[in-house]
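What follows is the residue order along each chain.
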Amino acid sequence: VGEVFDQALIAQCGFQDILQGVKSARNLPPALEEASFRLGRVQGVLSEVEALSAKHLTRKTVTKEGSAEVTLTVVNVASNYKLNLTLAVPWHYPSGRLEHRHEVLFGGVSEEAVQDAVTANSAGGARWR
C-alpha cells in the first residue's frame, strides 16, 4: 500500500506532465525547477505521514479516484473517546484545504474535539473542511 500511496501523490503533482510538456531546451530549466518543487512537496507529505505513524495507528489508502488518504486512530483517554480520523492528503499540502471525515469508535466526540484532533495532527494552522 505504501508504494501505491507514494505513486498516487506523485501522479497528482503532475511531475510527468511537466517534463512531457518541455518542447525546447530553453523550457527545460523552469520545468525542472517546477518538477523539483512539486516532488519536494510530495516528500514533505510523506515525511508528515511518517511522523503521524509514530504517534498513531495509521493506515494509508488510495481512493478509486486516485486520491491519497491517511486514516489515524486517535485516542483521547482524558475525554474518553476513540475515533478514526481520515485526512485527504493532497500533494501540495500544507497549501490549500485539508479535507477530513471521522468515525467515532467509542465515547462522545464533539465537533470541537474533532477540529482539535485535525489541528494537532496537521501542519501548523492548516485549514480544514
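Residues numbered from 1 in each chain as written. Predicted model: local features only at pLDDT ≥ 70, side-chain atom pairs only at ≥ 80, totals over all residues. Heavy atoms only, no water.

A. Representation of the sheet that holds strand β2 (residues 68–76) in the model. Taken in spatial order, the 4 strands of this open sheet run β1-β2-β3-β5, and their pairing is antiparallel. Two strands in the sheet have a free side with no partner beyond their single neighbour: β1 (57–62) and β5 (100–106). Across the sheet, the axes of successive neighbouring strands diverge by a mean angle of 20 degrees, strand direction being ignored. Along the sheet, helix α1 (residues 2–13) contacts β1 and β2; its crossing angle with β1, the most-contacted strand, is approximately 55 degrees. (Pairing = 2+ DSSP bridges. Helix = DSSP H or I, 4+ residues; strand = E, 2+ residues; numbered from the N terminus. Axes fitted to C-alpha atoms, helices over the stretch in contact; angles between N-to-C directions. Contact = heavy atoms within 4.5 Å.)

B. Highlighting unusual backbone geometry. The backbone phi angle of Asn80 is positive, close to 55 degrees, even though this residue is not glycine. Structurally, Asn80 can be placed in the loop between β2 and β3 (81–88).

C. Spatial organisation of the confidence of the model for the protein. Summing up the model confidence of the protein, the mean pLDDT is 87 and the portion of residues at 70 or higher is 94%. Taking the mean pLDDT of every element in the protein, the minimum, 40, falls on strand β6 (residues 127–128) and the maximum, 94, on β1. Scored below 50 in pLDDT, residues 125–129 makes 14 contacts in the model with residues more than four places away or belonging to other chains. (pLDDT = per-residue confidence, 0-100.)

D. Representation of helix α4 (residues 111–120) within the structure. Buried within α4 we find Ala113, Val114, Ala117 and Val118. The arc enclosing the buried residues of α4, seen along the axis, measures out at 140 degrees, which places them on a common side. More than 90 degrees from the buried face of α4, the exposed residues found are Glu112 and Ala120. (Buried < 20%, exposed > 50% of the residue type's maximum accessible area, 1.4 Å probe, protein only. Arc of directions from axis to C-beta.)

E. Broad picture of the packing of α1 against helix α3 (residues 28–55). Running from amino to carboxyl end, α1 crosses α3 at an angle of 150 degrees, the nearest separation of the two axes being 10 Å. Once α1 is placed against α3, the crossing between them reads as right-handed. The residues of α3 that touch α1, namely those facing Phe5, Asp6, Leu9, Ile10 and Cys13, are Arg38, Leu39, Val42, Val45, Leu46 and Val49. (Left-handed = near helix turned anticlockwise from the far one by under 90°.)

F. Summary view of the side chain of Thr86. Tracing the backbone through its elements, the reader meets Thr86 in strand β3. Using a relative accessible area of 8% as the deciding quantity, one classes Thr86 as buried. Here the side chain of Thr86 touches Thr71 through a polar contact of 2.9 Å, side chain to side chain. (Polar contact = N/O pair within 3.5 Å; in protein donor to acceptor, adjacent residues only side chain to side chain.)

G. Layout of the pairing of β1. In this sheet, β2 lies alongside β1 in antiparallel orientation, the contact comprising 6 bridges. Each bridged residue has a counterpart across the sheet, and for Arg59 the counterpart in β2 is Thr71. Linking β1 to β2, which pair antiparallel, is a turn of 5 residues; within it Gly66 sits at a positive phi near 95 degrees.

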